[in-house]
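Listed below, chain by chain, are the residues.
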Amino acid sequence: MFVQAKGIRALAGTSPAVATLAPRGPATAGRIDLLQAVPGLRWLLTRRWFQFAMILPNLVLFLLFLMAGTFGSPVGNRNIIIIFVWILWWFLLISVLVPFLSRAWCIVCPFPFFGEWLQRRALVDVRAVDPKKGKGGPGTIIGRNRYFGWNLRWPKSLTNIWLQNIGFLGLCTFSALFLTRPIVSVGILGALFVIGTVLAVLYRQRAFCNYVCPVSGFLGLYAMASTIEVRSKDADVCAKCKDKGCLAGGERGWGCPWLMYPSKMDRNNYCGLCMECLKTCPYANMTVNLRPFCADTRLKGYDEAWKAFIMLTLALAYSVIYLGPWGFLKDWANIAEKADFTGFLIYAASLWILALLAFPGLYYVAVWLGRRLAGADIAPAKEVFLSFVYPLVPLGLLAWVAFSLPLVLVNGSYILMVVSDPFGWGWDLFGTAQIPWTPVIPDWTPYLQVPLLLVGLAYGLKTGYGHARRLFTARGQPVRAFAPVSVLLTAITVLFLELYLG
Amino acid sequence: MNVGRGAGEGARRLARRLIHQRRGQIVSGMVLLLSLAGFGALGFLVAPTLPKPQERSFTVVARRYGYDPAIIRVNRGDTVRLRFVSEDVVHGFYLEGHDLDVRITPMRSTVEVHRSGHAGEPEVVEEIVFRAEREGKFRYRCSQTCGFMHPFMLGDFVVGPNRLLPTSIGLAVGLLLGGFILMLTKSGPARAMEKDDAA
Ligand SMILES: [Cu+2]
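Bear in mind the structure is a predicted one, so any value in this text is a computation, not a measurement. (Residues numbered from 1 in each chain as written. Chains lettered and ligands numbered in written order. Predicted model: local features only at pLDDT ≥ 70, side-chain atom pairs only at ≥ 80, totals over all residues. Heavy atoms only, no water.)

## Details of the overall build of chain B
Reasoning step 1: Along the backbone of chain B there are 2 helices and 11 strands.
Reasoning step 2: When the helices and strands of chain B are read in sequence order from the N terminus, they spell out α-β-β-β-β-β-β-β-β-β-β-β-α.
Reasoning step 3: When burial is assessed residue by residue, chain B has 39% of its 199 residues classed as buried. (Helix = DSSP H or I, 4+ residues; strand = E, 2+ residues; numbered from the N terminus. Buried < 20%, exposed > 50% of the residue type's maximum accessible area, 1.4 Å probe, protein only.)

Now the structure itself:
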């Protein structure tokens, strides 16, 4: 038996025909097992207190932001909530955490903290039960863990990211409000705490994170490009595993709170890096890999594709409104102060139509044209469409970085200022309150934005063409199929270049 | 002996294949670089030649939250004269890359000019005059907290020939067309090579 298995594996190494018969494991090309490479990392990530220790300081910080936003100065650039959340946090999130550390924000995110506490009635410990003997008793048993709260199942029709898509677009329509008014930011962050807690009491596990949190949607999409991943090491070990601890939980940890099946995970989208599966796997077969940029390339539904359209449209719209010179557009978006309802309606309607209809429509035409140029295709139209939308992931992510860069370079000095005077009350805790507004290399930012946009385009072209080769097999077909989309991607890049440099 | 020869042959074949693959990578990289450099240079060169330097005067009207003109276009070498008016509250005019920060007060034709070199009392003038020496796009931003949207109150000062724009568009097009060349060559020989590997 053993010999036979070994024989198959040996064969699999030489012949692709047999390789397809062998159990399909996660991709391993270009991966470096960080838990092996970095001493002490496995120890740290498998400590039960790890996530609690990560969240706690952040929770304290966010509660301080809420207090500052409520009681501090109403002037945005004098209040720590605006500067830290919308300048520092946003910049770190989109240009460091997401591209390099996947959904690392979700490790430290304070919003689901209270809800998860109520579900688990534990901050660090695990509630393990033997499902056969543990019947009765308080709470609900899911897998081999005991949970409290109602533990309803999330409605099937909403097990996608459409709520997040619409919620995020809706929220971002009012960006001029929360970017400039501390009290509005308090409302939004406060609402995230409240909704996260209520949904955790009603629905099982991280329903809020998976299906509702507006931040989560784009984190998942852009985490596909990220250079780290949590994956199983050896598919054979998982195939033979009877324990399924990563799914069911046990004495060492909770079953995946994100309702994933970690051992079979092949994308970053819905993995919150909570590290429970590292703890629950009895074979230490789960690990954290370093991997190449843009390693997950498969969008799995229209909800994810539309997320990509929405995000790129928002990057474009914000570049026009916040980095552009046109005052009337700022007035339209700034509804609370200017009360120009017609203007706001034009702005909001254009934004929604562009994000949900016009841009996807244009994209659809390009994909359709490519399929026509290629002639007969074997792949279903939906798969071709989703595959060709994927290039918007690197392109959109890098466009967001290019947009966010001048915000932090120009307004970064406010960070030092509000650290000393978080409420805008005239304090000077660290002697930095009087630092004048000092833009950092504002005249050189275009030289940083150009390479960022070009890197996004390069990865967009590379991944898109990779899909074309997978889907269209005849000679010359892939190029023709991808040509219209690649021209569209380049045109989008040129549009951003015009906005930033022209 | 026979085995040794076989192994030597195998190693040589492996080496040849490695060189072949690397050569492919090197050639691909060269194609892409040439395309980028070519189209980038083309973009750089198509920029218009500048007319003779002129004197350009603008009155910048500041109001919450924008400037009129929103975009000021001049050419390198031009002498730029700026006067300022504020229609509502105190605004600023901080010009990126020009060591110039102006404080504009409503109902007053003079402005206070701050430059980093001149510490202490600001200079009070009716008009600011300078020569546009650096080409490119520089934003002018409000530097006096003037309301909710203050951090986004800005305008564009574009100094021609602004060759960064056509150059970078050239680079994007170079990426696209260089990519096309790579794709076309890949779908031919590269594909055949993969089949070789499989056999
Ligand atoms: Cu102003």
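There is more to say, and it comes next.
## A look at the coordination of the copper ion
All names here are of chain B.
Reasoning step 1: Looking at the copper ion, the protein donor atoms are His91 (ND1), Cys142 (SG), Cys146 (SG) and Met153 (SD), and they sit 2.1 to 2.6 Å from it.
Reasoning step 2: Metal-centred angles of 90 to 121 degrees between the 4 donor atoms at the copper ion mark the site as tetrahedral.
Reasoning step 3: Mapping the donors of the copper ion onto the primary sequence yields the spacing H-x50-C-x3-C-x6-M. Here the residue His91 occupies a position in strand β5 (residues 91-95), and Met153 occupies one in the loop between β10 (136-141) and β11 (154-160), the gap between them amounting to 62 residues.
Reasoning step 4: With a relative accessible area of 0%, Met153 lands in the buried category. (Donors = N, O, S within 2.8 Å, 3.2 Å for Na, K, Ca; no water. Tetrahedral: all angles 85-135°; square planar, octahedral: opposite > 155°, others 65-115°.)

## Thoughts on the domain arrangement of chain A
All names here are of chain A.
Reasoning step 1: Domain annotation for chain A reports domain 1 (5-12 + 31-276) and domain 2 (302-501).
Reasoning step 2: With centres defined by C-alpha atoms, the gap from domain 1 to domain 2 works out at 25 Å.
Reasoning step 3: Listed by partner, the interface residues are 47 residues for domain 1 and 46 residues for domain 2.
Reasoning step 4: Contact between domain 1 and domain 2 buries roughly 4,000 Å² in total, counting both sides, with carbon and sulfur atoms accounting for 74%. (Domains from an automatic or database assignment. Contact = heavy atoms within 4.5 Å. Buried area = accessible area lost by both parts, 1.4 Å probe.)

## Points about the interface of chain A and chain B
Reasoning step 1: With 52 residues of chain A in contact, the opposing surface of chain B contributes 45 residues.
Reasoning step 2: Contact between chain A and chain B buries roughly 4,400 Å² in total, counting both sides, with carbon and sulfur atoms accounting for 65%.
Reasoning step 3: On the surface where chain A and chain B come into contact, there are 1 salt bridge.
Reasoning step 4: Two residues, B:Arg134 and A:Asp443, come together in a salt bridge whose shortest N-O distance is 2.8 Å.
Reasoning step 5: Taken together, the links from chain A to chain B amount to 10 residue pairs in polar contact (both at pLDDT 80 or more).
Reasoning step 6: Those elements giving two or more residues to the side of chain A that touches chain B turn out to be α18 (327-333), α19 (335-338), α22 (392-411), α24 (445-471) and α25 (477-501) of chain A. (Salt bridge = Lys/Arg side-chain N within 4 Å of Asp/Glu carboxyl O. Polar contact = N/O pair within 3.5 Å; in protein donor to acceptor, adjacent residues only side chain to side chain.)

## Quick notes on unusual backbone geometry
Reasoning step 1: With an omega of -5 degrees, the peptide bond running from B:Arg64 to B:Tyr65 counts as cis.
Reasoning step 2: Here B:Tyr65 is to be found in the loop between β1 (55-63) and β2 (66-68).
Reasoning step 3: The step from B:Asp68 to B:Pro69 runs through a cis peptide bond, and the omega angle for that step is 5 degrees.
Reasoning step 4: Mapped onto the secondary structure, B:Pro69 falls in the loop between β2 and β3 (71-75).
Reasoning step 5: Non-glycine residue A:Leu259 carries a positive phi angle of around 60 degrees.
Reasoning step 6: As for its position among the elements, A:Leu259 is in the loop between α15 (245-248) and α16 (276-280).
Reasoning step 7: Even without being a glycine, A:Cys294 presents a positive backbone phi close to 60 degrees.
Reasoning step 8: Among the secondary structure elements, A:Cys294 is positioned in the loop between β5 (286-290) and α17 (302-322).

## Details of the pattern of salt bridges
Residues and elements named next belong to chain A.
Reasoning step 1: In total, this model carries 29 salt bridges over all chains according to the counting rule given.
Reasoning step 2: Salt-bridge contacts for Lys338 lead to Asp331; the nearest nitrogen and oxygen are separated by 3.7 Å.
Reasoning step 3: One connected set of salt bridges, linked through shared partners, spans Arg31, Glu229, Arg231, Arg291 and Asp296.

## Observations regarding a nonpolar patch on the surface
Residues and elements named next belong to chain A.
Reasoning step 1: A contiguous nonpolar patch, built from Met67, Phe71, Trp425, Trp427, Leu429 and Phe430 and spanning about 700 Å² of accessible area, is present on the exposed surface.
Reasoning step 2: Looking at where Trp425 falls in the secondary structure, it is placed in the loop between α23 (413-420) and α24.
Reasoning step 3: Owing to a relative accessible area of 46%, Trp425 belongs among the partly exposed residues under this scheme. (Patch = residues over 30% accessible without salt bridge, like charges linked within 9 Å, V, L, I, M, F, W, Y side chains within 5 Å. Areas by Shrake-Rupley, 256 points an atom, 1.4 Å probe, with all protein chains shown as cover.)

## Notes on the nonpolar core
Reasoning step 1: Core analysis: the biggest nonpolar cluster contains 198 residues, and A:Leu392 and B:Phe93 have the highest contact counts within it.
Reasoning step 2: Ignoring anything within four residues of it in the chain, the contact list for A:Leu392 reads A:Tyr222, A:Ala308, A:Phe309, A:Leu312, A:Phe359, A:Tyr363, A:Leu397, A:Leu489 and A:Ile492. (Core = buried A, V, L, I, M, F, W, Y, C linked by side-chain atoms within 4.5 Å.)

## What about the environment of A:Tyr363?
Residue and element names in this part refer to chain A.
Reasoning step 1: Within the fold, Tyr363 resides in helix α20 (residues 341-374).
Reasoning step 2: Note on Tyr363: relative accessible area 0%, which makes it buried.
Reasoning step 3: Expressed as a C-alpha distance, the spacing of Tyr363 and Ser486, which sit 123 residues apart in the sequence, is 11 Å.
Reasoning step 4: Those residues in contact with Tyr363 that sit more than four places away from it in its chain are Phe309, Phe385, Phe388, Val389, Pro391, Leu392, Val485, Leu488 and Leu489.

## Things to note about the pairing of strand β7 (residues 111-115) of chain B
Residue and element names in this part refer to chain B.
Reasoning step 1: Two elements, strand β6 (residues 100-104) and β7, share 4 bridges in a ladder whose sense is antiparallel. When the sheet's bridge partners are listed, Asp101 is paired in β7 with His114.
Reasoning step 2: In this structure, the hairpin formed by β6 and β7 is closed by a connection of 6 residues, where Met107 is found at a positive phi of approximately 65 degrees. (Pairing = 2+ DSSP bridges.)

## A word on the state of the cysteines
Reasoning step 1: A complete count under the given rule lists 0 disulfides over all chains for this structure.
Reasoning step 2: Just so you know, A:Cys277 is unpaired, no disulfide at all, and the nearest cysteine sulfur is the one on A:Cys271, 6.3 Å from it. (Disulfide = S-S within 2.5 Å.)

## Describing the domain arrangement of chain B
Reasoning step 1: Domain annotation for chain B reports domain 1 (2-47 + 164-185) and domain 2 (55-160).
Reasoning step 2: For domain 1 of chain B versus domain 2 of chain B, the separation of C-alpha centres amounts to 47 Å.

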